[in-house]
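# Observations on chain architecture
In case you want the letters, here they are:
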Amino acid sequence: MTTREQAILFWLAIALLACMANSSLRNSIVSIFRQMLRSSVFVALSLYAAVLGSLTWFMARLGYWDKSMIGTVILWFLFTGMRYFLQVTDVGSQRGFFRKRIVKLVGVASVIELFLNARTFSLPVEITLQLALAILITLKSFSDTRDEFKSASQLLGGILLIIFMCAAAGTVKNWIENWGEIESRSLISLYLAPIWLSIGSLFCIYLFALYIGYELAFVRLKISSGGTPVSWRVKLGIMAGFKGRISQIGDFNGSVLRRSAAVGSFSDARQEVKNFRKARDRRISEI
């Protein structure tokens, strides 16, 4: 675990202790965890963690992960993996949801992040740097929302740029002084870790979103049929008709839904979905 990861975990522990010291916040956190343990969210989150854990084991077998990268996986799960998990309901409503996240993984930002994280500073420096960055970013985010603080926002942006340049210069110096200790395989593993974790995460999120989308469609289908249970043949026909296109499942309603509820065969249900998709594509092209 690098000193940067240790510093982040240190401040996370401080923040958690501060929350637990406040009785109202502590009760809220405990209540949230209790609700999660009693709901289907816990099952989904457990499956999610299990898939990512299996991927980590697989990459370790290939030689691209070891115990020194535990901090990398933990921090990725807390800051990125959980954000992806909570965005599962946005999959069907955001165009290019998966494409945008995959492109971001291999973009310039990921290379800069690799460059800055490959060699870190001492733990006291990292702890101080993390605190300073958190304060400055919070102040800048607040000042960006007010026109009267525009000059302050520009000043804070300049300070953040100076800190970034100093950190980059320090990283270059660190690289030069310790060039002989840098292992190419470790760099490759550090670069690949967020990529394979994100790909596994997005695969899980796709399946979760697909399940939620079909479940809502079947509930609406049952309501349209007057509460009469819909046969499994019709459900399979609808699933085969959509072919896993999450963004289209959410628009499956109205008269098309009522006609689909009235049919009783696999082929008829699939044909209704095909007709719906063609009409939907036609409307989109006319816009």
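What counts, and where the lines are drawn
- Residues numbered from 1 in each chain as written.
- Predicted model: local features only at pLDDT ≥ 70, side-chain atom pairs only at ≥ 80, totals over all residues.
- Heavy atoms only, no water.
- Helix = DSSP H or I, 4+ residues; strand = E, 2+ residues; numbered from the N terminus.
- Buried < 20%, exposed > 50% of the residue type's maximum accessible area, 1.4 Å probe, protein only.
- Contact = heavy atoms within 4.5 Å.
- Areas by Shrake-Rupley, 256 points an atom, 1.4 Å probe, with all protein chains shown as cover.
- Core = buried A, V, L, I, M, F, W, Y, C linked by side-chain atoms within 4.5 Å.
- Axes fitted to C-alpha atoms, helices over the stretch in contact; angles between N-to-C directions.
- Parallel < 35°, antiparallel > 145°, perpendicular 65-115°, else oblique.
- Left-handed = near helix turned anticlockwise from the far one by under 90°.
- Patch = residues over 30% accessible without salt bridge, like charges linked within 9 Å, V, L, I, M, F, W, Y side chains within 5 Å.
- Salt bridge = Lys/Arg side-chain N within 4 Å of Asp/Glu carboxyl O.
- Lys, Arg positive; Asp, Glu negative; His and termini not counted.
- Charge placed at Lys NZ, Arg CZ, Asp CG, Glu CD.
- Phe/Tyr/Trp six-rings, centres within 6.5 Å; stacked < 30°, edge-to-face > 60°.
- Expected span 1.5 Å × (residues − 1).
- Bend = angle between axes of the 7 residues up to and from the residue.

## Looking at the overall build of the chain
- Along the chain, the regular secondary structure elements total 13 helices and 0 strands.
- Of the regular secondary structure in the chain, the N- to C-terminal order runs α-α-α-α-α-α-α-α-α-α-α-α-α.
- When the 287 residues of the chain are sorted by exposure, 31% land in the buried category.
- Considering only intrachain contacts with a sequence separation of at least 6, the fraction spanning at least 24 residues in the chain is 78%.
- Surface accessibility of the chain: about 17800 Å² in total, with carbon and sulfur atoms responsible for 66%.

## Focus: the nonpolar core
- Judged by nonpolar contacts, the single largest core of 34 residues is most densely connected at Y48, I205, F208, I238 and F242.
- Only α3 (40-62), α4 (70-86), α9 (184-224), α10 (232-242), α11 (246-249) and α13 (266-286) provide two or more residues apiece to this core.
- At 13 residues, the largest contribution of residues to this core is made by α9.

## Things to note about the packing of helix α1 (residues 3-21) against helix α7 (residues 123-143)
- As a packed pair, α1 and α7 sit with axes 8 Å apart at the nearest point and diverge in direction by 55 degrees. Relative to α7, the element α1 is oriented oblique. Crossing of α1 over α7 shows right-handed handedness. Every residue of α7 that contacts α1 at T3, R4, Q6, A7, I8, F10 and W11 is listed here: L123, E126, I127, Q130 and L131.

## Describing a positive patch on the surface
- A contiguous patch of positive charge on the surface is contributed by K243, R245, R270, K274, K278 and R282.
- Residue placement: K278 occurs in helix α13.
- Accessibility expressed as a relative area gives 54% for K278, which makes it exposed.

## Some words on the packing of aromatic side chains
- In the structure shown here, the tally under the stated rule is 5 aromatic pairs.
- On the numbers, 6.4 Å between centres and 80 degrees between planes, the contact of W76 with Y84 is edge-to-face. There is no split in this pair, since W76 and Y84 are both buried.
- Seen from their ring centres, F85 and F208 are 6.1 Å apart, and the 85 degrees between their planes marks the pair as edge-to-face. Here F208 lies in helix α9 and F85 lies in helix α4, a separation of 123 residues in the sequence. Across the pair, F208 and F85 agree in class, each one buried.

## A look at α4
- Spanning 17 residues, α4 covers 23 Å between terminal C-alpha atoms, matching the ideal 24 Å at 1.5 Å per step.
- The sharpest bend along α4 comes to roughly 45 degrees, located at F77.
- Taken together, the buried positions of α4 are occupied by G71, T72, V73, L75, W76, T80, G81, Y84 and F85.

## Some thoughts on a nonpolar patch on the surface
- On the surface, a nonpolar cluster with roughly 390 Å² of combined accessible area is contributed by L12, I70, I74, L78 and F79.
- Looking at the nonpolar patch element by element, the count peaks at 4 residues for α4.
- Within the fold, L78 resides in helix α4.
- Of the residues examined, L78 reaches a relative accessible area of 43% and is grouped as partly exposed.

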